[in-house]
Amino acid sequence: MAEIGRDIARAASFLSQGELVAIPTETVYGLAANAYDEAAVVKIFEAKNRPAFDPLIVHTHSVAELSKIAREVPDVAYLLAEKFMPGPLTLILPKAEHVPLLVTSGHDSVGVRIPHHPLTLKLLQSLPFPLAAPSANPFGYVSPTTAQHVQDQLGNRLPYILDGGASHIGIESTIIRLDGHQVEVLRLGGLALEDLEDVVQISKAKIKTSSSNPAAPGMLSSHYSPRIKVLLGSISDNLQAVNPERVGIISLQGLYPNVPLDQQVQLSATGNLAEAARHLFSALRSLDGLNIDLILAEPMPEQGLGRAINDRLQRASFQG
Ligand code: TXA
Ligand code: MG
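To start, this report covers the structure provided alongside it. (Residues numbered from 1 in each chain as written. Chains lettered and ligands numbered in written order. Predicted model: local features only at pLDDT ≥ 70, side-chain atom pairs only at ≥ 80, totals over all residues. Heavy atoms only, no water.)

Moving on, we get to the nonpolar core. If you look at the biggest cluster of nonpolar residues, it comprises 82 residues, and the most contacted ones within it are Leu-80, Ile-176 and Leu-196. With sequence-adjacent residues up to four places away left out, Ile-176 is seen in contact with Leu-80, Leu-89, Thr-90, Leu-91, Ile-92, Val-183, Glu-184, Val-185, Leu-186 and Leu-196. Membership of the second largest hydrophobic core comes to 17 residues, among which are Ala-11, Phe-14, Leu-123 and Leu-124. (Core = buried A, V, L, I, M, F, W, Y, C linked by side-chain atoms within 4.5 Å. Buried < 20%, exposed > 50% of the residue type's maximum accessible area, 1.4 Å probe, protein only. Contact = heavy atoms within 4.5 Å.)

Before going further, it helps to examine the environment of Ala-96. Relative to the helices and strands, Ala-96 resides in the loop between β5 (89-94) and α5 (101-104). The exposure class assigned to Ala-96 is buried, which follows from its relative accessible area of 6%. The sequence separation of Ala-96 and Pro-118 amounts to 22 residues, and the corresponding C-alpha distance is 27 Å. Every residue in contact with Ala-96, bar those within four places of it in the chain, is listed here: Lys-68, Ile-69, Ala-70 and Arg-71. (Helix = DSSP H or I, 4+ residues; strand = E, 2+ residues; numbered from the N terminus.)

By the definition in use, this model includes 1 cavity of 30 Å³ or more. Each pocket or cavity is described by its volume, and for the largest cavity that value is around 30 Å³. In terms of lining residues, the largest cavity is bounded by Leu-188, Gly-189, Leu-191, Ala-192, Leu-193, Gly-304, Leu-305, Arg-307 and Ala-308. Its residues placed into classes, the lining of the largest cavity shows 6 nonpolar, 2 polar and 1 charged. (1 Å grid on protein atoms, 1.4 Å probe; cavity = no way out; pocket = protein on both sides within 12 Å on 5 of 7 lines; lining within 4 Å. Points joined across faces, edges and corners; volume = space filled by probe spheres on them. Nonpolar A, V, L, I, M, F, W, Y, C, P; charged D, E, K, R; others polar.)

Let us look at the sheet that holds strand β12 (residues 230-232). Each strand in a sheet pairs with another by means of backbone hydrogen bonds, the pair being arranged parallel or else antiparallel. Taken together, 4 strands build an open sheet; the order of strands is β12-β15-β13-β14 and the sheet is parallel. The open sheet has two free edges, formed respectively by β12 and β14 (264-266), since each of these has just one partner strand. Here the strands of the sheet are splayed against their neighbours by 15 degrees on average, with no regard to which way each runs. In this structure, β12 lies alongside strand β15 (residues 294-297), joined through 3 bridges in parallel fashion. If you follow Val-230 over to β15, its bridge partner there is Ile-295. Where helix α10 (residues 273-288) meets the sheet, it contacts β12, β13 (247-251), β14 and β15, and its direction lies at approximately 175 degrees from that of β13. Taken strand by strand, helix α11 (residues 306-317) contacts β12 and β15, and its axis lies near 130 degrees from that of β12. (Pairing = 2+ DSSP bridges. Axes fitted to C-alpha atoms, helices over the stretch in contact; angles between N-to-C directions.)

Counting buried residues in β5 gives 5 out of 6 residues, a clear majority hidden from the surface. Taken together, the 4 bridges between β5 and strand β9 (residues 174-179) define a ladder with parallel strand orientation. Each bridged residue has a counterpart across the sheet, and for Thr-90 the counterpart in β9 is Ile-175. Here β5 runs beside strand β6 (residues 109-113); their pairing, made up of 4 bridges, is antiparallel. Opposite Ile-92, over in β6, you have Gly-111 as the bridge partner.

Bringing α10 into the picture now. Between its terminal C-alpha atoms α10 stretches 22 Å, which fits the 22 Å expected from 16 residues at 1.5 Å a residue. Approximately 40 degrees is the largest bend angle found in α10, and it occurs at His-279. Those residues of α10 that sit buried are Leu-273, Ala-276, Ala-277, Leu-280, Phe-281, Ala-283, Leu-284, Arg-285, Leu-287 and Asp-288. Its buried side turned inward, α10 meets α7 (147-154), β12, β13, β14, β15 and α11. Between a side-chain oxygen at the N-terminus of α10 and the backbone nitrogen of Ala-274 the separation is 2.9 Å; the capping residue is Asn-272. (Expected span 1.5 Å × (residues − 1). Bend = angle between axes of the 7 residues up to and from the residue. Polar contact = N/O pair within 3.5 Å; in protein donor to acceptor, adjacent residues only side chain to side chain.)

Let's shift gears to the sheet that holds strand β10 (residues 182-187). Pairing is mixed across the open sheet formed by 11 strands, whose spatial order is β1-β8-β2-β3-β7-β4-β6-β5-β9-β10-β11. The sheet terminates laterally at β1 (3-5) and β11 (201-202), the two strands that pair on one side only. In the sheet, strand β3 (residues 30-34) pairs with strand β7 (residues 131-132) via 2 bridges, with the strands oriented antiparallel. Note on β7: the bridge partner recorded for Asn-34 is Leu-131. With respect to the sheet, helix α1 (residues 8-16) is in contact with β1, β2 (21-23), β3, β7 and β8 (160-162), its orientation differing from that of β8 by roughly 135 degrees. Where helix α2 (residues 38-48) meets the sheet, it contacts β3 and β7, and its direction lies at approximately 155 degrees from that of β3.

Orientation of α10 relative to α11, taken along the N-to-C sense of each, is 25 degrees, at an axis distance of 9 Å. Classified by the angle between their axes, α10 and α11 sit roughly parallel to one another. Crossing angle aside, the handedness with which α10 passes α11 is left-handed. Contact with α10, carried on its side by Leu-273, Ala-276, Ala-277, Leu-280 and Phe-281, involves Gly-306, Ile-309, Arg-312 and Leu-313 of α11 and no other residues of that element. Here the residues of the contact of α10 with α11 sort into 7 nonpolar, 1 polar and 1 charged. (Parallel < 35°, antiparallel > 145°, perpendicular 65-115°, else oblique. Left-handed = near helix turned anticlockwise from the far one by under 90°.)

Limitation: the analysis is restricted to geometry and does not speak to function.
Put into C-alpha coordinates, the structure is as follows:
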(Lines give C-alpha, C1' and ligand atoms only; values in the text may rest on other atoms or scores of the structure.)
(Ligands and ions follow the chains in the order given, each with its own letter.)
Protein backbone atom coordinates (compact mmCIF):
# COMPACT_ATOMS: atom_id res chain seq x y z
CA MET A 1 0.00 0.00 0.00
CA ALA A 2 1.09 3.58 -0.55
CA GLU A 3 2.20 5.83 2.28
CA ILE A 4 -0.31 8.63 2.89
CA GLY A 5 1.02 11.91 4.29
CA ARG A 6 1.28 15.67 4.04
CA ASP A 7 5.04 15.86 3.50
CA ILE A 8 5.75 18.03 0.44
CA ALA A 9 9.52 17.39 0.53
CA ARG A 10 8.92 13.65 0.57
CA ALA A 11 6.53 13.90 -2.39
CA ALA A 12 9.08 16.04 -4.25
CA SER A 13 11.82 13.54 -3.59
CA PHE A 14 9.83 10.63 -5.05
CA LEU A 15 8.90 12.72 -8.10
CA SER A 16 12.52 13.78 -8.65
CA GLN A 17 13.51 10.12 -8.68
CA GLY A 18 11.01 9.35 -11.44
CA GLU A 19 8.38 7.84 -9.15
CA LEU A 20 4.63 8.44 -9.17
CA VAL A 21 2.91 10.49 -6.46
CA ALA A 22 -0.82 11.12 -6.09
CA ILE A 23 -1.55 14.82 -5.63
CA PRO A 24 -4.61 16.60 -4.26
CA THR A 25 -6.28 19.23 -6.40
CA GLU A 26 -9.48 21.22 -6.05
CA THR A 27 -11.10 19.11 -8.81
CA VAL A 28 -10.00 15.51 -8.23
CA TYR A 29 -6.78 13.75 -7.15
CA GLY A 30 -4.14 13.39 -9.87
CA LEU A 31 -1.58 10.64 -10.49
CA ALA A 32 1.55 12.71 -11.09
CA ALA A 33 4.97 12.23 -12.65
CA ASN A 34 7.73 14.52 -13.93
CA ALA A 35 6.28 15.64 -17.27
CA TYR A 36 9.75 15.80 -18.82
CA ASP A 37 10.80 12.28 -17.75
CA GLU A 38 9.38 9.80 -20.26
CA ALA A 39 10.22 6.75 -18.17
CA ALA A 40 8.23 8.27 -15.29
CA VAL A 41 5.31 9.20 -17.56
CA VAL A 42 5.12 5.62 -18.89
CA LYS A 43 4.43 4.52 -15.31
CA ILE A 44 1.26 6.64 -15.27
CA PHE A 45 -0.16 4.86 -18.30
CA GLU A 46 0.77 1.47 -16.81
CA ALA A 47 -0.63 2.15 -13.35
CA LYS A 48 -3.96 3.39 -14.72
CA ASN A 49 -4.12 0.88 -17.54
CA ARG A 50 -4.70 3.92 -19.70
CA PRO A 51 -4.55 3.69 -23.49
CA ALA A 52 -1.61 5.59 -25.00
CA PHE A 53 -3.98 7.64 -27.20
CA ASP A 54 -5.42 9.51 -24.22
CA PRO A 55 -3.22 12.59 -23.52
CA LEU A 56 -2.24 13.87 -20.06
CA ILE A 57 -2.70 17.35 -18.61
CA VAL A 58 0.48 19.18 -17.56
CA HIS A 59 0.23 20.94 -14.18
CA THR A 60 2.22 24.00 -13.22
CA HIS A 61 2.18 26.69 -10.52
CA SER A 62 1.95 30.06 -12.24
CA VAL A 63 0.81 31.87 -15.34
CA ALA A 64 4.41 32.84 -16.10
CA GLU A 65 5.21 29.15 -16.61
CA LEU A 66 2.63 28.71 -19.40
CA SER A 67 5.03 29.97 -22.06
CA LYS A 68 7.57 27.32 -21.04
CA ILE A 69 5.11 24.51 -21.70
CA ALA A 70 3.32 26.01 -24.72
CA ARG A 71 5.24 27.46 -27.68
CA GLU A 72 2.53 30.06 -28.24
CA VAL A 73 0.19 31.60 -25.69
CA PRO A 74 -2.42 33.82 -27.35
CA ASP A 75 -3.72 36.94 -25.59
CA VAL A 76 -7.07 35.27 -24.99
CA ALA A 77 -5.29 32.52 -23.10
CA TYR A 78 -3.64 35.09 -20.83
CA LEU A 79 -6.98 36.78 -20.33
CA LEU A 80 -8.51 33.48 -19.23
CA ALA A 81 -5.48 32.55 -17.16
CA GLU A 82 -5.52 35.83 -15.25
CA LYS A 83 -9.14 35.30 -14.39
CA PHE A 84 -9.38 31.55 -13.77
CA MET A 85 -5.91 30.23 -12.89
CA PRO A 86 -5.26 28.73 -10.44
CA GLY A 87 -8.61 27.01 -10.91
CA PRO A 88 -10.61 24.27 -12.60
CA LEU A 89 -9.71 25.22 -16.18
CA THR A 90 -7.44 23.39 -18.64
CA LEU A 91 -6.23 25.21 -21.76
CA ILE A 92 -5.19 23.28 -24.86
CA LEU A 93 -2.26 25.14 -26.41
CA PRO A 94 0.42 24.39 -29.05
CA LYS A 95 3.03 22.35 -27.24
CA ALA A 96 6.63 23.42 -26.69
CA GLU A 97 9.14 21.14 -28.36
CA HIS A 98 10.55 19.71 -25.14
CA VAL A 99 7.16 18.42 -23.96
CA PRO A 100 7.33 14.69 -24.78
CA LEU A 101 4.87 13.37 -27.38
CA LEU A 102 4.16 10.61 -24.90
CA VAL A 103 2.47 13.20 -22.66
CA THR A 104 0.33 14.59 -25.49
CA SER A 105 -0.33 11.20 -27.15
CA GLY A 106 1.34 12.40 -30.30
CA HIS A 107 -0.70 15.61 -30.55
CA ASP A 108 1.03 18.90 -31.34
CA SER A 109 -0.98 20.48 -28.52
CA VAL A 110 -0.72 20.22 -24.76
CA GLY A 111 -3.29 20.62 -21.98
CA VAL A 112 -2.08 22.95 -19.20
CA ARG A 113 -3.62 23.70 -15.86
CA ILE A 114 -2.76 25.40 -12.56
CA PRO A 115 -4.47 23.50 -9.75
CA HIS A 116 -5.97 25.54 -6.94
CA HIS A 117 -4.73 23.63 -3.94
CA PRO A 118 -2.21 25.00 -1.41
CA LEU A 119 -0.21 21.76 -0.93
CA THR A 120 0.06 21.00 -4.61
CA LEU A 121 0.96 24.59 -5.51
CA LYS A 122 3.77 24.45 -2.94
CA LEU A 123 4.91 21.12 -4.31
CA LEU A 124 4.95 22.46 -7.88
CA GLN A 125 6.87 25.56 -6.78
CA SER A 126 9.51 23.36 -5.18
CA LEU A 127 10.09 21.29 -8.33
CA PRO A 128 12.22 22.23 -11.35
CA PHE A 129 9.72 20.51 -13.70
CA PRO A 130 5.93 20.50 -14.24
CA LEU A 131 3.80 17.45 -13.45
CA ALA A 132 1.88 15.35 -15.96
CA ALA A 133 -1.19 14.04 -14.17
CA PRO A 134 -4.43 12.37 -15.14
CA SER A 135 -7.10 11.66 -12.56
CA ALA A 136 -5.81 9.00 -10.15
CA ASN A 137 -8.27 6.22 -10.97
CA PRO A 138 -8.03 3.07 -13.07
CA PHE A 139 -8.99 3.98 -16.66
CA GLY A 140 -12.75 4.24 -17.11
CA TYR A 141 -13.62 4.32 -13.40
CA VAL A 142 -14.91 7.18 -11.24
CA SER A 143 -12.29 9.85 -10.36
CA PRO A 144 -10.99 10.02 -6.75
CA THR A 145 -11.79 12.97 -4.51
CA THR A 146 -9.96 11.78 -1.37
CA ALA A 147 -6.56 10.21 -0.59
CA GLN A 148 -8.37 7.07 0.56
CA HIS A 149 -10.10 6.70 -2.83
CA VAL A 150 -6.64 6.64 -4.45
CA GLN A 151 -5.36 4.16 -1.88
CA ASP A 152 -8.35 1.86 -2.46
CA GLN A 153 -7.75 1.53 -6.17
CA LEU A 154 -4.12 2.34 -6.96
CA GLY A 155 -2.43 1.96 -3.56
CA ASN A 156 -0.17 -0.84 -4.79
CA ARG A 157 0.96 1.13 -7.85
CA LEU A 158 2.70 4.11 -6.22
CA PRO A 159 4.83 4.90 -3.17
CA TYR A 160 3.20 8.10 -1.89
CA ILE A 161 -0.16 9.87 -1.72
CA LEU A 162 -0.06 13.53 -0.72
CA ASP A 163 -3.15 14.00 1.42
CA GLY A 164 -4.80 17.37 0.92
CA GLY A 165 -8.26 16.48 2.22
CA ALA A 166 -11.39 16.11 0.13
CA SER A 167 -11.35 17.92 -3.23
CA HIS A 168 -13.64 20.88 -2.82
CA ILE A 169 -14.92 21.12 -6.39
CA GLY A 170 -15.13 17.37 -6.87
CA ILE A 171 -15.44 17.21 -10.65
CA GLU A 172 -12.62 17.46 -13.23
CA SER A 173 -11.51 20.69 -14.88
CA THR A 174 -13.32 22.28 -17.81
CA ILE A 175 -11.14 21.76 -20.91
CA ILE A 176 -11.15 24.35 -23.68
CA ARG A 177 -9.40 24.90 -26.98
CA LEU A 178 -9.01 28.39 -28.41
CA ASP A 179 -10.32 29.04 -31.86
CA GLY A 180 -9.54 32.67 -32.62
CA HIS A 181 -11.67 34.67 -30.23
CA GLN A 182 -14.07 31.85 -29.65
CA VAL A 183 -13.49 28.91 -27.40
CA GLU A 184 -14.41 25.34 -27.97
CA VAL A 185 -15.36 23.35 -24.87
CA LEU A 186 -13.83 19.87 -25.05
CA ARG A 187 -14.96 18.74 -21.61
CA LEU A 188 -17.55 20.26 -19.30
CA GLY A 189 -16.12 20.53 -15.81
CA GLY A 190 -15.60 22.45 -12.61
CA LEU A 191 -15.61 25.89 -14.24
CA ALA A 192 -19.19 26.74 -15.25
CA LEU A 193 -19.85 27.92 -18.82
CA GLU A 194 -21.61 30.98 -17.39
CA ASP A 195 -18.32 32.06 -15.78
CA LEU A 196 -16.32 31.44 -18.96
CA GLU A 197 -18.85 33.45 -20.95
CA ASP A 198 -18.11 36.50 -18.85
CA VAL A 199 -14.71 36.55 -20.56
CA VAL A 200 -14.99 34.82 -23.94
CA GLN A 201 -17.48 33.69 -26.51
CA ILE A 202 -18.21 29.99 -26.52
CA SER A 203 -18.98 28.39 -29.85
CA LYS A 204 -22.17 26.63 -28.84
CA ALA A 205 -22.15 24.17 -31.69
CA LYS A 206 -18.87 22.87 -30.42
CA ILE A 207 -19.62 22.05 -26.80
CA LYS A 208 -18.72 18.42 -26.45
CA THR A 209 -21.19 16.24 -24.71
CA SER A 210 -20.92 12.58 -23.99
CA SER A 211 -20.94 11.31 -27.56
CA SER A 212 -17.76 9.54 -28.50
CA ASN A 213 -15.26 12.06 -29.73
CA PRO A 214 -11.89 10.89 -30.95
CA ALA A 215 -10.60 14.49 -31.28
CA ALA A 216 -10.62 14.73 -27.50
CA PRO A 217 -9.58 11.32 -26.29
CA GLY A 218 -10.83 10.53 -22.84
CA MET A 219 -14.20 11.80 -23.86
CA LEU A 220 -15.34 8.27 -24.51
CA SER A 221 -19.01 7.62 -23.96
CA SER A 222 -18.53 5.01 -21.29
CA HIS A 223 -16.38 6.59 -18.62
CA TYR A 224 -16.81 7.23 -14.93
CA SER A 225 -18.47 3.85 -14.79
CA PRO A 226 -19.17 2.21 -11.49
CA ARG A 227 -19.50 -1.60 -11.38
CA ILE A 228 -23.23 -1.41 -10.75
CA LYS A 229 -25.44 -0.27 -13.60
CA VAL A 230 -26.65 3.35 -13.44
CA LEU A 231 -30.06 4.32 -14.82
CA LEU A 232 -30.47 8.05 -15.46
CA GLY A 233 -33.96 9.57 -15.53
CA SER A 234 -36.90 10.42 -13.34
CA ILE A 235 -36.34 8.49 -10.11
CA SER A 236 -40.02 8.17 -9.23
CA ASP A 237 -40.80 6.85 -12.73
CA ASN A 238 -37.95 4.37 -12.68
CA LEU A 239 -38.85 3.20 -9.17
CA GLN A 240 -42.18 1.87 -10.53
CA ALA A 241 -40.40 -0.92 -12.39
CA VAL A 242 -37.94 -2.14 -9.74
CA ASN A 243 -37.73 -3.61 -6.24
CA PRO A 244 -37.04 -0.51 -4.07
CA GLU A 245 -35.12 -2.65 -1.55
CA ARG A 246 -32.50 -3.45 -4.22
CA VAL A 247 -31.68 -0.01 -5.63
CA GLY A 248 -29.42 2.88 -4.74
CA ILE A 249 -30.49 6.47 -5.33
CA ILE A 250 -28.60 9.60 -6.30
CA SER A 251 -30.90 12.60 -6.20
CA LEU A 252 -30.21 16.31 -6.09
CA GLN A 253 -32.57 16.65 -3.14
CA GLY A 254 -35.36 14.47 -1.93
CA LEU A 255 -35.67 11.06 -0.33
CA TYR A 256 -37.80 8.11 -1.39
CA PRO A 257 -39.88 6.36 1.31
CA ASN A 258 -39.60 2.73 0.12
CA VAL A 259 -35.85 2.71 -0.46
CA PRO A 260 -33.59 2.00 2.57
CA LEU A 261 -32.05 5.28 3.77
CA ASP A 262 -28.47 4.03 3.67
CA GLN A 263 -28.93 3.35 -0.06
CA GLN A 264 -29.82 6.97 -0.82
CA VAL A 265 -27.58 9.98 -1.44
CA GLN A 266 -28.97 13.49 -1.70
CA LEU A 267 -26.23 15.43 -3.48
CA SER A 268 -27.35 18.70 -1.92
CA ALA A 269 -30.24 19.07 0.50
CA THR A 270 -30.55 22.72 -0.52
CA GLY A 271 -30.30 22.04 -4.26
CA ASN A 272 -26.93 23.76 -4.59
CA LEU A 273 -25.22 22.46 -7.75
CA ALA A 274 -21.66 23.23 -6.60
CA GLU A 275 -22.28 21.17 -3.47
CA ALA A 276 -23.83 18.45 -5.62
CA ALA A 277 -20.70 18.32 -7.83
CA ARG A 278 -18.53 18.02 -4.72
CA HIS A 279 -20.46 14.94 -3.58
CA LEU A 280 -21.07 13.21 -6.92
CA PHE A 281 -18.06 10.89 -7.21
CA SER A 282 -18.15 9.85 -3.52
CA ALA A 283 -21.82 9.02 -3.99
CA LEU A 284 -21.12 6.82 -7.00
CA ARG A 285 -18.29 5.10 -5.15
CA SER A 286 -20.18 4.46 -1.93
CA LEU A 287 -23.28 3.10 -3.67
CA ASP A 288 -21.04 0.97 -5.87
CA GLY A 289 -19.82 -0.77 -2.72
CA LEU A 290 -23.32 -1.85 -1.63
CA ASN A 291 -25.18 -5.08 -2.28
CA ILE A 292 -27.74 -3.60 -4.68
CA ASP A 293 -28.72 -4.30 -8.30
CA LEU A 294 -29.06 -0.84 -9.79
CA ILE A 295 -28.36 2.85 -9.14
CA LEU A 296 -31.13 5.30 -10.05
CA ALA A 297 -29.87 8.83 -10.70
CA GLU A 298 -31.71 11.92 -11.85
CA PRO A 299 -30.52 14.65 -14.22
CA MET A 300 -29.64 18.02 -12.67
CA PRO A 301 -30.84 21.40 -13.96
CA GLU A 302 -28.79 22.32 -17.05
CA GLN A 303 -27.08 25.31 -15.48
CA GLY A 304 -23.86 26.03 -13.58
CA LEU A 305 -22.10 22.82 -12.59
CA GLY A 306 -25.33 20.91 -13.32
CA ARG A 307 -24.16 20.52 -16.93
CA ALA A 308 -20.91 18.83 -15.93
CA ILE A 309 -22.72 16.59 -13.43
CA ASN A 310 -25.16 15.51 -16.16
CA ASP A 311 -22.26 14.81 -18.49
CA ARG A 312 -20.65 12.50 -15.89
CA LEU A 313 -23.96 10.80 -15.08
CA GLN A 314 -24.61 10.18 -18.78
CA ARG A 315 -21.21 8.56 -19.15
CA ALA A 316 -21.68 6.54 -15.96
CA SER A 317 -24.98 5.23 -17.30
CA PHE A 318 -23.84 4.60 -20.86
CA GLN A 319 -24.35 1.01 -21.97
CA GLY A 320 -21.90 0.57 -24.83
O1 TXA B 1 -9.28 18.32 -13.14
C2 TXA B 1 -8.57 17.69 -13.92
O3 TXA B 1 -8.45 18.02 -15.11
C4 TXA B 1 -7.83 16.45 -13.38
C5 TXA B 1 -6.83 16.91 -12.34
C6 TXA B 1 -5.98 15.77 -11.83
O7 TXA B 1 -6.04 17.94 -12.87
N8 TXA B 1 -7.21 15.75 -14.45
C9 TXA B 1 -7.90 15.00 -15.34
O10 TXA B 1 -7.10 14.32 -16.24
O11 TXA B 1 -9.10 14.91 -15.35
P12 TXA B 1 -7.62 13.15 -17.16
O13 TXA B 1 -6.39 12.57 -17.72
O14 TXA B 1 -8.46 12.22 -16.41
O15 TXA B 1 -8.37 13.84 -18.32
C16 TXA B 1 -7.61 14.66 -19.18
C17 TXA B 1 -8.28 14.79 -20.51
C18 TXA B 1 -7.92 13.73 -21.51
O19 TXA B 1 -8.70 12.59 -21.39
C20 TXA B 1 -8.18 14.44 -22.81
O21 TXA B 1 -9.54 14.34 -23.13
C22 TXA B 1 -7.88 15.89 -22.48
O23 TXA B 1 -7.73 15.96 -21.10
N24 TXA B 1 -6.62 16.35 -23.10
C25 TXA B 1 -5.39 16.43 -22.55
N26 TXA B 1 -4.49 16.89 -23.43
C27 TXA B 1 -5.17 17.12 -24.57
C28 TXA B 1 -4.81 17.58 -25.86
N29 TXA B 1 -3.55 17.90 -26.15
N30 TXA B 1 -5.79 17.69 -26.80
C31 TXA B 1 -7.06 17.34 -26.50
N32 TXA B 1 -7.47 16.89 -25.31
C33 TXA B 1 -6.54 16.77 -24.35
MG1 MG C 1 -9.83 10.88 -15.85
